[in-house]
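Results of the structural survey
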Amino acid sequence: MRIGADYYPEHWEKERWKTDAEMMVKANIKVIRIGEFAWSLYEPEEGKYEFDWMDEALDFFGKYGIKVVMCTPSATPPKWMIDKYPDILQNDIHGNPKLFGTRKHYCFNSETYREKTKKLNTLIAKRYAKHPAIEAWQVDNELGWSNTTRCYCKSCENRFRNWLKEKYGTIDNLNKTYGTTFWSQIYRSFDELIIPKAGACYDTCHDTQGQNPALLLDYYLFCSDSVIDFTKESVKTIREYSDLPITSNLLDAAINSGTGIDYFKLSKEFDFVTWDNYIEFQWGKAKPETVSRDHALLRSYKKKPFWVMEQQSGPCGWSKMGPTPTPGKLRLWTYQSVANGADTVVYFRWRACPFGTEELWHGILNHDGKPNRRYAEISQVGAEMEELSKSYQALMPRARVAIIKSFDSEWSQSIHRQVEGLYYDSLLLDYYRPFWNMGIPVDFVTAEEELDGYDLVLAPMLMMVSDEGKKNIESYAQAGGKILFSFRSGIKDMYNNMLTETVPGVFADLAGVEVEDYDPLLEKTTAASGVFGNGTAHMWCDIVKPVTAKILGRYTSDFYAGEACMTVNQTGKGEVYYLGCDLDEKAMKMLAVYLGRKAGIDMDLYKVDGVEVVDATDGTNDALFILNYNDHSVIVSMEQSYENMITHETVENVVELKPYDVAILKEAN
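Our subject in this report is the structure included herewith.

About the criteria used
- Residues numbered from 1 in each chain as written.
- Predicted model: local features only at pLDDT ≥ 70, side-chain atom pairs only at ≥ 80, totals over all residues.
- Heavy atoms only, no water.
- Core = buried A, V, L, I, M, F, W, Y, C linked by side-chain atoms within 4.5 Å.
- Buried < 20%, exposed > 50% of the residue type's maximum accessible area, 1.4 Å probe, protein only.
- Helix = DSSP H or I, 4+ residues; strand = E, 2+ residues; numbered from the N terminus.
- Contact = heavy atoms within 4.5 Å.
- Salt bridge = Lys/Arg side-chain N within 4 Å of Asp/Glu carboxyl O.
- Axes fitted to C-alpha atoms, helices over the stretch in contact; angles between N-to-C directions.
- Left-handed = near helix turned anticlockwise from the far one by under 90°.
- Nonpolar A, V, L, I, M, F, W, Y, C, P; charged D, E, K, R; others polar.
- Pairing = 2+ DSSP bridges.
- Expected span 1.5 Å × (residues − 1).
- Polar contact = N/O pair within 3.5 Å; in protein donor to acceptor, adjacent residues only side chain to side chain.
- 1 Å grid on protein atoms, 1.4 Å probe; cavity = no way out; pocket = protein on both sides within 12 Å on 5 of 7 lines; lining within 4 Å.
- Points joined across faces, edges and corners; volume = space filled by probe spheres on them.
- Right-handed = clockwise from strand over helix to strand, strands pointing away.
- Disulfide = S-S within 2.5 Å.
- Patch = residues over 30% accessible without salt bridge, like charges linked within 9 Å, V, L, I, M, F, W, Y side chains within 5 Å.
- Areas by Shrake-Rupley, 256 points an atom, 1.4 Å probe, with all protein chains shown as cover.
- Lys, Arg positive; Asp, Glu negative; His and termini not counted.
- Charge placed at Lys NZ, Arg CZ, Asp CG, Glu CD.

1. Structural notes on the nonpolar core
In this structure, Met70, Trp137, Trp350, Ile473, Phe485, Met566 and Phe625 are the most contacted members of the largest nonpolar core, which totals 206 residues. If you tally residues by element for this core, the top one is helix α8 (residues 213-239), at 14 residues. Leaving out residues up to four positions away in the same chain, Trp350 has contacts with Ala5, Asp6, Tyr7, Asp20, Met23, Met24, Ile29, Gly363, Ile364, Leu365 and Tyr375. Residues Val611, Ile626, Met638 and Val651 belong to the second largest nonpolar core, which totals 14 residues.

Here you go:
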């Protein structure tokens, strides 16, 4: 457990470095990240390289025992490159180039840019591979940020056509798969294939371009693959000279819904993963369960501890600022990260920059660079982490519940929303939230990966699944697992076409049901009652006909009152549940309690609103985190005696926490 800071030596006079380094050491800041936007400093003119400034910075901070994450600077190509090679610019969905002046304006498929990136990365890796201060590498920065995964330029069009030819083999096969007889879209050759730019229907219909859904999904898959391929090249270049671990900083689920990269696949290229965690800023405030969900996603991509590479440390935003973190929140957010699997938390940024787009994005220090309240709070965290590290290695929550996350289903649902107000990631959060409220850690998984370690698996809106994934789920259920499917599961093939089998399509036999009819709810609600108590649906209702399944819930209003809304089917040694509707938060909690108990999980042990409880372990020692997000004190009842590993006080029966306070408990001997 340790903390760090994102630092930009190029932004400050060298005379200031000594002050910064001394303050970092005093605060127990162990690592800094540098260099991710520095291309124009490395190569101010084509072929003219300058490394002295980085040599000096690495040597300087290394003398203070501060470790460095060394970044490759491909996120910000310099102006001279744009002027000489305008083909490297991304095109937006209208075909217009994304101009110089911000960042991430390059195309992942530009051969010119790949060549330039490889050349500079080679020089950086070769020069610094053995530098004693460097402990890890970061490639690029926030891959796909701000809708930059999907480019619509000529380079992408050419590569996409080749990608399709390799996937389908013949144009007849593609036409048949896409159903191009609809709207006279038949292609005579792969050379005629388009990339799905804004067409005549763009902006006409809510939430869809109007383009062929199979074409759109293929393009989304291609663009994700393009980012991953670009990343592979950068990773490969570094590995030729360095055996240190390599990563990149990912984004939260809400942003990644627009980022369009399959993080499960991308994460395979890294030794560990990191992400950027901003909780209260210009663009809104994240709820604690949402942040914990994002931590859960990060630890799930590689099933191992991760870093937070950018952790909020002050009021921040571009044109406007969010609120100053209330005293205690920086410490609380840090421990929330650690409780959910982070072994290193790096604050963004060390000091607010007085110039540039992010001059309002405050760091630990304000623009004046003086010690302040936030520095004191983070120094407290640094001291506590130093002490805790004597007792713990990297901690991971013990998750017995998993939620299947499918990027294919997410992208499919973004193309055709199905009904007003329905969003894939929001639905997954609805399933995550009640377990979070009750202190039950949840992992995220793919349909294809090992599921046997989980007592309960939830598959909300798993619209499509590979043959491998389907067999894996069936094997899990047959062996005794408990799994739940929701409405709109199993309805599509992997090409984003609707199946002609009765809903729930590929899962019908497993669930033991058929959906006779369905009601996309628009401007109305429907009541239901069952093992979840009395609940209300706001978005969708499947009218479920049990075939081999037993009824666990019925609708109590609308024209289908009395019809089944929830069922369970015995499959081998396991049970398969089907929930045909969405439910309000209270009913979702009762459903979670019911399913958890059926799976043999102790449920509802912790009932204090606004308190997160995480049961974690490093494999040898256990830690029970109690995190208070309330602006008032709380008292949480405990099942046994513990030692508070921060205060070293004995906890008997109850633990009392002040506003935004944290307790880390270890079972008393």
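More follows now that the structure is in view.
2. A closer look at the pattern of salt bridges
The final tally for this structure, using the stated rule, is 42 salt bridges. Of the charged contacts in the structure, one is a salt bridge between Lys524 and Asp519, with a shortest N-O distance of 2.6 Å. A relative accessible area of 31% means that Lys524 is categorised as partly exposed.

3. Describing the packing of helix α1 (residues 14-26) against helix α3 (residues 52-63)
For any two helices packed against each other, one specifies the crossing angle of their axes together with the interaxial distance. Their axes nearest at 11 Å, the elements α1 and α3 cross at an angle of 30 degrees. Of the two elements, α1 crosses α3, and the hand of that crossing is right-handed. Counting all contacts with α1, which are made through Lys14, Trp17, Lys18, Ala21 and Met24, the residues of α3 involved are Trp53, Glu56, Ala57, Phe60 and Phe61. Partitioned by chemical class, the residues of the contact of α1 with α3 number seven nonpolar, no polar and three charged.

4. So, the sheet that holds strand β25 (residues 622-628)
Paired through their backbone hydrogen bonds, the strands of a sheet run either parallel or antiparallel. Here we have six strands laid out as an open sheet, ordered β12-β24-β25-β30-β27-β28, and antiparallel in their pairing. Each edge of the sheet is formed by a strand with only one pairing partner; in this case those strands are β12 (396-397) and β28 (650-651).

5. Quick notes on helix α18 (residues 585-598)
The end-to-end C-alpha distance of α18 is 20 Å, a good match for the 20 Å that 14 residues give at a rise of 1.5 Å each. The complete set of buried residues in α18 reads Ala587, Met588, Leu591, Ala592, Val593, Leu595 and Gly596. On its buried face, α18 sits against α15 (424-437), β15 (456-459), β16 (482-486), β19 (533-537), β22 (564-571) and β23 (574-579). The N-cap of α18, judged by a side-chain oxygen 3.2 Å from the amide nitrogen of Lys586 a few residues on, is Asp584. Positive backbone phi, approximately 80 degrees, marks Gly600, located one or two places after α18.

6. Observations regarding the environment of Gln393
For Gln393, the position within the fold is in the loop between α13 (373-388) and β12. Residue Gln393 is classed as exposed on the basis of its relative accessible area, which comes to 56%. Those residues in contact with Gln393, other than ones at most four positions away along the chain, are Met1 and Asp618.

7. Comments concerning the side chain of Thr231
Secondary-structure assignment places Thr231 in helix α8. In this structure Thr231 comes out as buried when scored by relative accessible area, which is 1%. Those residues within four positions of Thr231 in sequence are excluded, and the remaining contacts are Val139, Leu143, Leu266 and Phe270.

8. With respect to empty space enclosed by the protein
One way to see where empty space is left: roll a probe the size of a water molecule over the atoms. In this structure the tally under the stated criterion is four cavities of 30 Å³ or more. The computed volume of the largest cavity comes to approximately 80 Å³. Every residue lining the largest cavity is listed: Arg299, Asn340, Pro397, Tyr432, Trp436, Gly439, Ile440, Pro441, Val442, Glu612, Val613 and Val614. Broken down by secondary-structure element, the contributors of at least two residues to the lining of the largest cavity are α15 and β24 (611-617).

9. With respect to the pairing of strand β2 (residues 29-34)
Residues in a regular strand point their side chains to alternate faces of the sheet. Where burial is concerned, most of β2 is hidden: five out of the six residues are buried. In this sheet, β2 lies alongside strand β1 (residues 2-6) in parallel orientation, the contact comprising four bridges. Directly across from Gly4, in β2, lies its bridge partner Val31. The parallel pair β1 and β2, bridged by α1, forms a crossover whose chirality is right-handed. Here β2 runs beside strand β3 (residues 67-71); their pairing, made up of four bridges, is parallel. Bridging across to β3, Arg33 finds its partner in Val69.

10. Considering the sheet that holds β2
Ordered by their spatial adjacency, nine strands build an open sheet running β5-β4-β3-β2-β1-β11-β10-β7-β6, and the pairing between neighbours is parallel. For this open sheet the edge positions go to β5 (246-247) and β6 (249-250), each flanked by a neighbour on one side alone. Pairing of β1 with strand β11 (residues 342-348) involves four bridges; the strand directions are parallel. Across the sheet, Arg2 pairs through a bridge with Thr344, a residue of β11. Its contacts with the sheet place α13 against β1, β2 and β11, and it is angled at close to 140 degrees to β1.

11. A few points about the state of the cysteines
Note: disulfide means a covalent bond formed between the sulfur atoms of two cysteine side chains. Scanning the entire structure with this criterion turns up zero disulfides. Here Cys156 is not cross-linked by a disulfide; its sulfur's nearest cysteine counterpart is in Cys107, at 3.5 Å.

12. Quick notes on a negative patch on the surface
Together, Asp509, Glu514, Glu516, Asp517 and Glu563 give the surface a local cluster of negative charge. At three residues, strand β17 (residues 513-520) tops the list of elements feeding residues into the negative patch. With respect to the helices and strands, the residue Glu514 is situated in strand β17.

13. Here's the deal with the pairing of strand β30 (residues 662-667)
The pairing of β25 with β30 spans four bridges and is classified as antiparallel. Bridge pairing in β30 places Ile626 opposite Ala663. Two elements, strand β27 (residues 642-644) and β30, share three bridges in a ladder whose sense is antiparallel. Considered in β30, the bridge of Glu643 is made with Lys666.

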